[in-house]
Amino acid sequence: MENKRKYVIPGDVVTSGPFRPEQNVILDGSNIISTTIGISEIYDDSVRVIPLTGKYIPKINDLVIGKVLSHTSLSWELDINSCYVGFLPAQDVFGRDFSAHADELTSKLKSGDLVAARIANFDRTRDPLVTVSDRDLGKIDSGDLVQISPSKVPRLIGKRGTMIQTIEMATNAAITIGQNGWVVVSCESPEGLLKAKKAIQMVDEKAHVANLTDQVKEMLESKGES
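So, a few notes on the structure that sits alongside this text. For every chain, the first residue of the written sequence is number 1, and numbering continues from 1 along that sequence. Under the rules for a predicted model, residues below a pLDDT of 70 receive no local features and side-chain atom pairs below 80 are neither given nor counted, while totals for whole chains, interfaces and linings still include all residues. Just so you know, side-chain values use all the structure's heavy atoms and leave hydrogens and water out.

Topic: the packing of aromatic side chains
Consideration 1: Planes of paired rings set the category: under 30 degrees apart is stacked, over 60 is edge-to-face and the rest tilted, where pairs are Phe, Tyr or Trp rings (Trp by its six-membered ring) whose centres lie within 6.5 Å. Under the defined criterion, the tally for this structure stands at four aromatic pairs.
Consideration 2: Where W76 meets F94, the ring centres are 6.2 Å apart and the plane angle is 10°; that geometry is what we call stacked. Of the two residues, W76 sits in strand β9 (residues 75–79) while F94 sits in helix α1 (residues 90–94), which places them 18 residues apart along the sequence. The exposure classification of W76 matches that of F94, with both residues buried. Helix and strand assignments come from DSSP, with helices taken as H or I runs of at least 4 residues and strands as E runs of at least 2, each series counted from the N terminus. Burial status follows relative accessibility: with a 1.4 Å probe on protein chains alone, a residue under 20% of its type maximum counts as buried, one over 50% as exposed, and anything between as partly exposed.

Laid out in C-alpha cells, this is it:
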C-alpha cells in the first residue's frame, strides 16, 4: 500500500491502478494525474492532491531567506516557507576542515536567526540543500522580516528591478528579497522602515493591479502617516 505522500506538479502521475480520483487529480487511462502543485495522498481506495498554494517550491540557485529551526552536529535546518526544510551543512559555514566536536554550531547560527542562502541542490525527493558560500550570503544581522506570497515576488522586484528600486530610493532602505516570499528590510530611519514595509505589503495585496507602481510611488511620496 503506497500511502507515501509525495510532492507533485500538474501532469505528474500520482499512481495507477484501481483507485478513485478525488481532489485535484484526473484519470487518464489507468493513470491518476495531478492537476495542481501539491502533496499527493493515497488512502483507502482514493487519491487526492492537497494543494500548496502560497508555499514556496525550491528551485536550484534561488536566493531564499531562511530562519534557523534547529541543528544537528553537522547541519542547520532552516524554515524556508516551504513544505520542505532547507539543510545548511556546517562545513559550508566553518570551512572544509570542520570537525563536529571542536566547532559549536550555535556559535555561528542559533535558532531564530535569519540567513540569506541559495538553493544548492533540490530534486523533489528530499529536502533541499542550501549554501551560504557566495558573496552577500550568510547570517542577516539586522532588519525586519516581511512575509509575502512567493508568487508575488516577481511583482515586488518589478520589470528590470523597477519596483524594488523605487521603494529603496524613496525610503533609503536596504531590501533583501528571498524567492520564497520572505523579505528583509533594514533602514536607519524608523519612518523609512515603516514606509518600505508598507510598500511591500501593498505589492503583496495588490499585485494584480495594473498601475501598481504609481500607487506605490504615491504612497511613498505622501508625507506623514496616511
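Next, the rest of the story.
Examining the sheet that holds strand β2 (residues 13–16)
Consideration 1: Strands sit in the order β2-β5-β4 across an open sheet of three strands; the sheet is antiparallel. The sheet terminates laterally at β2 and β4 (25–28), the two strands that pair on one side only. Averaged over all pairs of adjacent strands, the angle between their axes in this sheet comes to 25°, without regard to strand direction. One requirement defines pairing of two strands: DSSP has to find at least two bridges between them. To define axes, lines are fitted to C-alpha atoms, for helices over the stretch in contact only, and angles between the resulting N-to-C directions are given on a 0 to 180 degree scale.

Concerning the nonpolar core
Consideration 1: Residues belong to a common nonpolar core when they are buried Ala, Val, Leu, Ile, Met, Phe, Trp, Tyr or Cys residues joined through side-chain atoms within 4.5 Å. Within the largest apolar cluster, 31 residues are counted, with the highest numbers of intra-cluster contacts made by W76, L78, L88, V115 and I119.
Consideration 2: Among the secondary structure elements, those contributing two or more residues to this core are β8 (63–71), β9, α1, β11 (114–121) and β16 (182–186).
Consideration 3: Sorting elements by how many residues they give to this core places β11 first, with five residues.
Consideration 4: V146, V185, A199 and L220 belong to the second largest nonpolar core, which has 23 residues in total.

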